[in-house]
Amino acid sequence: MQTSHVIVAGAGIAGLGAALASVRSGLRVTVLEKAESLSEVGAGLQLGPNAVRVLDDWGLLPQLESVAAEPQRLRIMDARSGRTLAGMDLGQAMRERYGWPNLTVRRADLQAVLLEAVRGQSQVELALGQALSRVEQTPEAVAVHTSDGRMRRADALFGCDGLWSAVRSHVRADGAPRATGHIAWRALLPRSALPAGVAPDQTSVWVAPRLHAVAYPVARGEWLNAVLFTHAGDLHGASQGEEAGLAAAQDWDLDAQRQALQQAVSAAHPALRALVDAAPLWRRWVLHDRPALLDPRGYAQGRVALLGDAAHPMRPHMAQGAAMALEDAQALAGLAARDGAEGLPAALAVYADRRWRRNARVQLRAQFNGMVMQASGPLRWGRDLAMSLRGEKLLDMPWLYGFRG
Ligand SMILES: Cc1cc2nc3c(=O)[nH]c(=O)nc-3n(C[C@H](O)[C@H](O)[C@H](O)COP(=O)(O)OP(=O)(O)OC[C@H]3O[C@@H](n4cnc5c(N)ncnc54)[C@H](O)[C@@H]3O)c2cc1C
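Residues numbered from 1 in each chain as written. Predicted model: local features only at pLDDT ≥ 70, side-chain atom pairs only at ≥ 80, totals over all residues.

A. View of the overall build of the protein. Secondary structure assignment for the protein yields 13 helices and 18 strands. In terms of overall dimensions, the protein is globule-like: its C-alpha atoms have a radius of gyration of 21 Å, near the 22 Å expected for 405 residues. Principal axes of the C-alpha set define a box for the protein whose edges measure 65 × 50 × 40 Å. Here the protein holds 405 residues, and 47% of them are scored as buried. In the protein, the share of contacts with a sequence separation of at least 24, taken over all contacts with a separation of at least 6, comes to 75%. (Helix = DSSP H or I, 4+ residues; strand = E, 2+ residues; numbered from the N terminus. Rg over C-alpha atoms; globule rule 2.2 N^0.38 Å. Buried ≥ 20, exposed ≤ 12 C-beta atoms within 10 Å, placed from the backbone. Contact = placed C-beta atoms within 7 Å.)

Listed below in structure tokens is the structure:
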């Protein structure tokens, strides 16, 4: 059987994961990435045991552990009083429960681990500065056009080109992603700069009406990654017109406004306020998502499949977007290598069928979590009561972390 050739559009976590998994399954891969160089801005990612299991399958656990941190506990706090609402052991407890650890990394470190693994494979060509602009397909092949006027043929195309995917319009013409109305503020702080009251070795979550924050160690515990979520409409000093522009912006690395953030946390517990003051730089990211696809049709068409944010961009309140991208990559690569080039359309259809329910479940749950974390009134009261009565049972999610896809 001849080796099938796959084009992967995008070299983010989904694209690098898909390239690595595909070549490990015996496919030949060309990765087209529109950026001239792969430089990730500083931010963190939580990797649940389900994501770490995939990276371990690809032989990357030692490399990952050498750059990651492993928070020992998850603690949910009221952002105003600082009172602990619920907690759960992570660290060894997660390893024992799920077989793999819960790790936290700088995104750039994960991308570097994946990139090194991809570069070590002779059957992968990585073409930077190549933006996919158009796709055509026949029953036998796909033709991928790039903005420099080149055209490449392959047996299949894996669209891993993120939230603003160009490949998606070929598979499912459903317009642009929607702004959720939230802003994520992201910062990295050296451990030495952490204020009192912010624990360096745990995952801390603060919840309040219309505001919540998450912080966890990265880079072997040398840095803390912090994210605060506010409502775009609550930003002080911005006119409605500016807000509309902000909500439409595709660039998440907008010029941060520390004062607006300080205003947003002015009623918060001193530890959270001190965290905002201590960070050297806050970057602002306008959140977008898409409604969950509730059937497999939007995932694949013929020889073209979508993975990661191109397929299911989600709110970050489950910390699982990258994890789902890695699971997609593993599932698709295994299927795509099974029946040769002729079998690819059928394999892609099976991939769509295998992945849509899980991705939709995580997407919907992420949306729900965001609402619950920022709840006010009776919902907030009910949340706090449920946390105090059922704490760990609510925070642990065997269906998510124990997945063996
Ligand atoms: C605030 C925040 C916190 C998060 N925290 C977590 C977390 O803790 N854990 C977790 O698992 N997930 C988390 N996520 C989600 C996670 O970041 C994303 O789901 C994940 O990075 C998606 O990866 P991707 O490869 O699909 O897309 P991207 O990372 O967006 O990569 C897409 C790539 O495609 C390239 N590209 C785009 N268009 C083209 C084109 N036309 N041609 C060629 N290349 C193209 C881009 O340059 C880019 O390199 C978080 C997200 C946010 C916003």
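Having seen it, we continue.
B. Examining the site of the ligand more closely. Close to the ligand lie 33 residues; G10, G12, G162, G308 and G321 are nearest. For the shell around the ligand, the secondary-structure elements that each account for two or more residues are α1 (13-24), β2 (28-33), β3 (44-47) and α10 (321-336). When residues of the shell around the ligand are assigned to their parent elements, the largest contribution, four residues, is made by α10. The residue makeup of the shell around the ligand, split by class, is 21 nonpolar, eight polar and four charged. (Near = placed C-beta within 6 Å. Nonpolar A, V, L, I, M, F, W, Y, C, P; charged D, E, K, R; others polar.)

C. Broad picture of the nonpolar core. Counting residues in hydrophobic clusters, the biggest one holds 126 residues, and the most contacted among them are A18, L157, L307 and L332. Of the residues forming this core, the biggest block, eleven residues, is contributed by α10. Look past the residues within four positions of L332 in its chain and what remains in contact with it is A18, F158, A305, L307 and Y351. (Core = buried A, V, L, I, M, F, W, Y, C linked by C-beta atoms within 7 Å.)

D. Region of interest: the sheet that holds strand β7 (residues 124-128). As summarised here, the arrangement of the six strands in space is β7-β2-β1-β11-β18-β17, forming an open sheet in which the pairing is mixed. Two strands in the sheet have a free side with no partner beyond their single neighbour: β7 and β17 (300-301). By the bridge criterion, four bridges tie strand β1 (residues 5-9) to strand β11 (residues 156-159) in an arrangement that is parallel. Within β11, the position partnered with I7 by the bridge is L157. (Pairing = 2+ DSSP bridges.)

E. Spatial organisation of the sheet that holds strand β16 (residues 283-289). An order of β5-β4-β13-β14-β15-β12-β16 is seen for the seven strands of this open sheet, with the pairing classed as mixed. Edge positions in the sheet fall to β5 (84-89) and β16, since each has one partner strand and no second. Averaged over neighbouring strand pairs, the angle between their axes works out to 20 degrees when direction is ignored. Where strand β13 (residues 203-208) lies against strand β14 (residues 211-218), five bridges are found, and the strand directions are antiparallel. Following the sheet pairing, V205 is matched in β14 by V214. (Axes fitted to C-alpha atoms, helices over the stretch in contact; angles between N-to-C directions.)

F. Structural view of the environment of Q257. When you line up the elements, Q257 lands in the loop between α7 (240-248) and α8 (258-264). By the C-beta count within 10 Å, which is 17 here, Q257 ends up partly exposed. Expressed as a C-alpha distance, the spacing of Q257 and R283, which sit 26 residues apart in the sequence, is 8.3 Å.

G. How the structure looks around α10. Taking 1.5 Å as the rise per residue, α10 with 16 residues should run 22 Å; its terminal C-alpha atoms sit 22 Å apart, in good agreement. Of all the 16 residues making up α10, 15 are buried; the element is thus mostly covered by neighbouring parts of the structure. (Expected span 1.5 Å × (residues − 1).)

H. Representation of helix α11 (residues 344-373) within the structure. The terminal C-alpha atoms of α11, which comprises 30 residues, lie 42 Å apart, in line with the 44 Å expected from a rise of 1.5 Å per residue. Along α11, the sharpest change in direction is near 35 degrees and occurs at R355. (Bend = angle between axes of the 7 residues up to and from the residue.)

I. Here's a closer look at the packing of α1 against α10. Where α1 meets α10, the closest approach of the two axes is 8 Å, and the angle between their N-to-C directions is 30 degrees. Considering the angle they form, α1 stands roughly parallel to α10. As for the relative orientation of α1 and α10, their crossing is right-handed in sense. Where α1 approaches α10, its residues I13, A14, G17, A18, A21 and S22 are matched on the opposing element by A322, A325, L326, D328, A329, Q330, L332, A333 and A336. Considering only residue class, the contact of α1 with α10 consists of eleven nonpolar, three polar and one charged. (Parallel < 35°, antiparallel > 145°, perpendicular 65-115°, else oblique. Left-handed = near helix turned anticlockwise from the far one by under 90°.)

J. Summary view of the environment of G129. For G129, the location among the structural elements is in the loop between β7 and β8 (132-137). Assessed through the 13 C-beta atoms surrounding it within 10 Å, G129 is described here as partly exposed. Residues G129 and S147, spaced 18 residues apart in sequence, show a C-alpha to C-alpha distance of 9.4 Å.

K. Looking closely at the pairing of β5. Pairing of strand β4 (residues 73-78) with β5 involves five bridges; the strand directions are antiparallel. Paired with R75 across the two strands is G87, which belongs to β5. Joining the antiparallel neighbours β4 and β5 is a turn of five residues, in which G82 adopts a positive phi near 80 degrees.

L. Examining unusual backbone geometry more closely. A positive phi angle, near 60 degrees, is found at R210, a position not held by glycine. By the secondary structure assignment, R210 is in the loop between β13 and β14. We classify R210 as partly exposed; it has 14 C-beta atoms within 10 Å. In the Ramachandran plot, R220 falls in the positive-phi region, its phi being about 55 degrees despite a non-glycine side chain.

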